[in-house]
Amino acid sequence: MTILVTGGAGYIGSHTVLYLKEKGESVVVLDNLVKGHRQSVLEEVPFYMGSLNDEQLLNYIFQTHNVDSVIHFAASSLVGESMKEPLSYYENNLGGTLSLLKVMLKNNVNRIVFSSTAAVYGEPKNIPIQENDPAEPTNPYGETKLAIEKMLQWADCAYGLKYVALRYFNAAGADPLGRLGENHDPETHLIPIVLEVALDIRKEVKVFGDDYPTEDGTCVRDYIHVMDLADAHYCALQRIRKENKGGIYNLGNGKGFSVKEVIDTCREVTQREIKSVNSHQRPGDPAVLIASSQKAQEELKWQPKYTNLKDMVTHAWNWHLKQTGMAQTSI
């Protein structure tokens, strides 16, 4: 039996495929390569380039590879872009998932792990954020993810389709062995942006606000290592397989790191000067976002392994060095 990983050529998806193969799972990948990279998918893994809205292709994949479970990453995921192009986000994220679920039911597949997001919470009411806190997205990206969660809930009620939705926070790091890393275009995540300054790809990193009510005045975010995310998706699938139970879970470290802490850690790891400049706060940026992952740890038996910020930065840095031909000999 085979796991279909949609969006498996993207950052988190490709690391999850790598992890699943190391667990001995049979995997097939579907990705449209708008954001993902074909070279990020292991050569031995069957790969299809295409859209979730292509139900004919989906049916072919399910029947050819005897798919019995799905891990669903494929989505448009840029908050700013979603504000400018909301209808394309509904078409791609919601419409694509609808096609996927229809084909799953047609092929009697009733297990899915869904890549959701902390963006469903909007402005948090409590810190740390818990799964039963109000879900009030402030952008179309978060709205589409929340709508998919609700679609999965109703599909479970009507058809017995079991799902786990994983709401995670700031993915970070890279495969510790340097086989995969983070490569977005444009890059929007803080750690790779700071490392690009260290590599002279960028002149500086902007700090959006240093007057927040935090210890050092900069935003605090919950960073989670990408391989810990991969492990969480595997744990979620195992819960459905073994217990036929699903649910909604936060994934995070349970503690936060400020923008200044991230920059200082990058300086320490790279041993390079990294220029930072202060800028104005961005509208809608909460001061602190930290998740409670207690529920995931208890019910999914998931335990994050790489919780140290320095480890996340080191793994990311070594991957970046490897791409530029300057790989270090140790991690």
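Criteria and thresholds
Residues numbered from 1 in each chain as written. Predicted model: local features only at pLDDT ≥ 70, side-chain atom pairs only at ≥ 80, totals over all residues. Heavy atoms only, no water. Pairing = 2+ DSSP bridges. Helix = DSSP H or I, 4+ residues; strand = E, 2+ residues; numbered from the N terminus. pLDDT = per-residue confidence, 0-100. Contact = heavy atoms within 4.5 Å. Salt bridge = Lys/Arg side-chain N within 4 Å of Asp/Glu carboxyl O. Buried < 20%, exposed > 50% of the residue type's maximum accessible area, 1.4 Å probe, protein only. Core = buried A, V, L, I, M, F, W, Y, C linked by side-chain atoms within 4.5 Å. Axes fitted to C-alpha atoms, helices over the stretch in contact; angles between N-to-C directions. Parallel < 35°, antiparallel > 145°, perpendicular 65-115°, else oblique. Left-handed = near helix turned anticlockwise from the far one by under 90°. 1 Å grid on protein atoms, 1.4 Å probe; cavity = no way out; pocket = protein on both sides within 12 Å on 5 of 7 lines; lining within 4 Å. Points joined across faces, edges and corners; volume = space filled by probe spheres on them. Nonpolar A, V, L, I, M, F, W, Y, C, P; charged D, E, K, R; others polar.

## Focus: the sheet that holds strand 12 (residues 257–258)
Here's step 1: Here three strands make up an open sheet; going across it, the order is 12-9-14 and the pairing mixed. Edge positions in the sheet fall to strand 12 and strand 14 (288–289), since each of these pairs with one other strand and no more.
Here's step 2: Of the strand pairs in this sheet, strand 9 (residues 220–221) and strand 12 are connected by two bridges, and their pairing is antiparallel. By the bridge assignment for strand 12, Arg221 is matched with Phe257.

## Some points on the confidence of the model for the chain
Here's step 1: With 98% of its residues at a pLDDT of 70 or more, the chain shows a mean pLDDT of 94.
Here's step 2: Every residue in residues 327–331 scores below 50 in pLDDT, and together they form 10 contacts with partners more than four places removed in sequence or on other chains.

## Examining the pattern of salt bridges
Here's step 1: A complete count under the given rule lists 15 salt bridges for this structure.
Here's step 2: For Glu136, the salt bridge identified is with Lys125, shortest N-O distance 3.0 Å. Here Glu136, found in the loop between strand 5 (111–117) and helix 5 (140–159), pairs with Lys125, found in the loop between strand 5 and helix 5; they are 11 residues apart in sequence, far enough to count as distant.
Here's step 3: What makes Glu136 partly exposed here is its relative accessible area of 44%.
Here's step 4: With a relative accessible area of 49%, Lys125 lands in the partly exposed category.

## A few points about the nonpolar core
Here's step 1: Formed by 37 residues in total, the largest nonpolar core has its most connected members in Val5, Ile12, Val29, Leu166, Leu251, Leu300 and Trp302.
Here's step 2: Among the elements of the structure, strand 1 (2–6), helix 1 (11–22), strand 2 (26–31), strand 6 (162–168), helix 7 (226–243) and strand 11 (247–251) are those that each provide at least two residues to this core.
Here's step 3: Ranked by the residues each element gives to this core, the list is headed by helix 7, at 10 residues.
Here's step 4: Ranked by size, the runner-up nonpolar core spans 28 residues in total, among them Tyr212, Tyr223, Ala287 and Val313.

## Let's talk about the environment of Pro213
Here's step 1: Relative to the elements of secondary structure, Pro213 occurs in the loop between strand 8 (205–208) and strand 9.
Here's step 2: Take Pro213: its relative accessible area is 75%, and that puts it in the exposed class.
Here's step 3: Sequence separation of Pro213 and Ala174 is 39 residues, and the distance between their C-alpha atoms is 31 Å.

## A short note on the packing of helix 6 (residues 190–198) against helix 8 (residues 259–270)
Here's step 1: Their axes nearest at 10 Å, the elements helix 6 and helix 8 cross at an angle of 45°. Judged by the angle between their axes, helix 6 and helix 8 are oblique. Of the two possible hands of crossing, helix 6 and helix 8 adopt the one that is right-handed. Packed against helix 6, whose contacting residues are Leu190, Ile191, Val194, Leu195 and Ala198, the element helix 8 presents Val259, Val262, Ile263, Cys266 and Thr270 at the interface.

## A closer look at empty space enclosed by the protein
Here's step 1: Counted according to the given criterion, the structure contains one cavity of 30 Å³ or more.
Here's step 2: Roughly 40 Å³ of internal volume is contained in the largest cavity.
Here's step 3: In terms of residue class, the lining of the largest cavity is made up of four nonpolar, one polar and three charged.

## Some thoughts on the packing of helix 6 against helix 10 (residues 309–323)
Here's step 1: Remark: helix 6 packs on helix 10, axes separated minimally by 10 Å, with the N-to-C direction vectors making an angle of 55°. Judged by the angle between their axes, helix 6 and helix 10 are oblique. Two packed elements cross with a definite hand, and for helix 6 against helix 10 that hand is right-handed. Facing helix 6, whose interface residues are Ile191, Pro192, Leu195 and Ala198, helix 10 presents Leu309, Val313, Ala316, Trp317 and His320.
Here's step 2: Here the contact of helix 6 with helix 10 is composed, by residue class, of eight nonpolar, one polar and no charged.

## Side note on the pairing of strand 4 (residues 67–72)
Strand residues, when the strand is regular, have side chains that alternate between the two faces of the sheet.
Here's step 1: For strand 4, the tally of buried residues reaches six of six residues, placing the bulk of the element in the interior.
Here's step 2: One ladder, built from five bridges, connects strand 1 with strand 4; its direction is parallel. Looking at strand 4, one finds that Ile3 is bridged to Ser69.

## Looking at the pairing of strand 8
Here's step 1: Side chains Val205 and Val207 of strand 8 all project onto a buried face; the interleaved residues Lys206 and Phe208 project onto a face where none is buried.
Here's step 2: Bridging between strand 8 and strand 13 (residues 276–279) involves four bridges; their strand directions are parallel. Bridging from a neighbouring strand, Lys206 pairs with Val277 of strand 13.

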